[in-house]
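# Inside the fold
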Amino acid sequence: MKLLILDFDGTIGDTNQLITSTMQKTLRELQLPVCSSEECSRTIGLPLEQGFKEVLHSSDPSVITRCATVYRRIFSANNQPGAVPVFPHVLESIHLFYDKGIVITLASSRGHASLQAFVNEMHLESYISYILGAEDVKRAKPDPYPVQKILRTFSVDPKDALVVGDTKFDILMGKRAGTKTCGVTYGNGYKDELELAGADMIVDDFGQIPELLNKEKG
């Protein structure tokens, strides 16, 4: 493997509580129907606007735009240092991949500036070679475009890349781009959805990924 393409929310950082509570606060402030935490959680991995379309079952552009604007304000206010913990064994594994010469990148539906801020807070700026956020792509996951853009940027064949994520959107994005895929069960998705999406590997702990790749190589 030459290239690692990682999701962020639910794969590297545990943002679930921050995201779902922010969505609910947004809906309350705008006096819109408030969805359950589970309903909000199921939209994580989609672009923000698409997430609100899903929970509200609405495509009214004025409503969706207001939701996104209010959400970003509340999220920014609540996202204090330490609000988003890193999942166990993620940092150690990223360091291990880096030491092996593997190019490590991020492909997320989160905004680029927000991703960069998290990378800096987690002291990963020396390890992450490329960040692809929501505004950096023409088409968002589960479309293969984000992965294809990264593959082109580093001139890597799909068979030499691995996409890792916690939702079916990540797995479908990778599969459609022709890469290997790994689902993680500790995030926002569900194991059965990862299986149905066709994940090549499924792990309960990020630290299992280097071990599995070593076995595959052997």
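Residues numbered from 1 in each chain as written. Predicted model: local features only at pLDDT ≥ 70, side-chain atom pairs only at ≥ 80, totals over all residues. Heavy atoms only, no water.

### As for the overall build of the protein chain
When helices and strands are counted, the protein chain shows 10 helices and six strands. Its C-alpha atoms give the protein chain a radius of gyration of 17 Å, near enough to 17 Å, the size a compact globule of 218 residues would have. Principal-axis analysis of the C-alpha atoms places the extent of the protein chain at approximately 55 × 35 × 30 Å. The proportion of buried residues among the 218 residues of the protein chain is 49%. The long-range fraction of contacts in the protein chain, counting pairs at least 24 apart against all pairs at least 6 apart in sequence, stands at 62%. When the accessible surface of the protein chain is split by element, carbon and sulfur atoms take 50% of a total near 10,100 Å². Each charge sign in the protein chain was given a centre, from 23 positive and 28 negative side chains, and these centres are 5 Å apart. (Helix = DSSP H or I, 4+ residues; strand = E, 2+ residues; numbered from the N terminus. Rg over C-alpha atoms; globule rule 2.2 N^0.38 Å. Buried < 20%, exposed > 50% of the residue type's maximum accessible area, 1.4 Å probe, protein only. Contact = heavy atoms within 4.5 Å. Areas by Shrake-Rupley, 256 points an atom, 1.4 Å probe, with all protein chains shown as cover. Lys, Arg positive; Asp, Glu negative; His and termini not counted. Charge placed at Lys NZ, Arg CZ, Asp CG, Glu CD.)

### Structural notes on the packing of helix H1 (residues 16-29) against helix H3 (residues 48-56)
Close contact between H1 and H3 brings their axes to 12 Å; oriented N to C, the two are set at 65 degrees. Judged by the inter-axis angle, H1 sits roughly perpendicular to H3. Of the two elements, H1 crosses H3, and the hand of that crossing is right-handed. On H3, the residues touching Met-23, Thr-26 and Leu-27 of H1 are Gly-51, Phe-52, Val-55 and Leu-56. Grouping the amino acids of the contact of H1 with H3 by side-chain chemistry returns five nonpolar, two polar and no charged. (Axes fitted to C-alpha atoms, helices over the stretch in contact; angles between N-to-C directions. Parallel < 35°, antiparallel > 145°, perpendicular 65-115°, else oblique. Left-handed = near helix turned anticlockwise from the far one by under 90°. Nonpolar A, V, L, I, M, F, W, Y, C, P; charged D, E, K, R; others polar.)

### Concerning the sheet that holds strand E2 (residues 103-107)
Pairing within the open sheet is parallel, and its six strands lie in the order E3-E2-E1-E4-E5-E6. Edge strands, defined here as strands with exactly one partner in the open sheet, are strand E3 (128-132) and strand E6 (201-203). Shown here is a sheet whose adjacent strand axes are inclined to one another by a mean of 20 degrees, direction ignored. Where strand E1 (residues 3-6) lies against E2, four bridges are found, and the strand directions are parallel. If you follow Leu-4 over to E2, its bridge partner there is Ile-104. Against the sheet, helix H7 (residues 145-154) makes contact with E1, E2, E3 and strand E4 (161-165), and its axis sits at roughly 140 degrees relative to E3, the strand it touches most. (Pairing = 2+ DSSP bridges.)

### Overview of the side chain of Asn-188
One can find Asn-188 in the loop between strand E5 (180-184) and helix H9 (191-197). We classify Asn-188 as buried; its relative accessible area is 6%. Apart from the residues within four sequence positions on either side, Asn-188 is in contact with Asp-9, Gly-10, Asn-16, Ser-41, Ile-44 and Asp-166.

### Remarks on the layout of surface pockets
It is a probe the size of a water molecule, rolled over the atoms, that shows where empty space is left. By volume, the largest pocket amounts to about 520 Å³. Residue lining of the largest pocket: 26 residues in total, with Leu-48, Tyr-71, Ser-109, Arg-110 and Gly-111 positioned closest to the centre. At the level of elements, H1, H3, helix H4 (61-78) and helix H6 (112-121) are the ones that each hand at least two residues to the lining of the largest pocket. Take the lining of the largest pocket: its biggest share by element is four residues, from H4. Residues of the lining of the largest pocket, tallied by class, amount to 10 nonpolar, 10 polar and six charged. (1 Å grid on protein atoms, 1.4 Å probe; cavity = no way out; pocket = protein on both sides within 12 Å on 5 of 7 lines; lining within 4 Å. Points joined across faces, edges and corners; volume = space filled by probe spheres on them.)

### Points about the environment of Thr-167
Inspection of the secondary structure assignment puts Thr-167 in the loop between E4 and helix H8 (168-177). Residue class for Thr-167 comes out buried when judged on its relative accessible area of 5%. Among residues more than four places away in sequence, those in contact with Thr-167 are Ile-44, Gly-189 and Leu-194.

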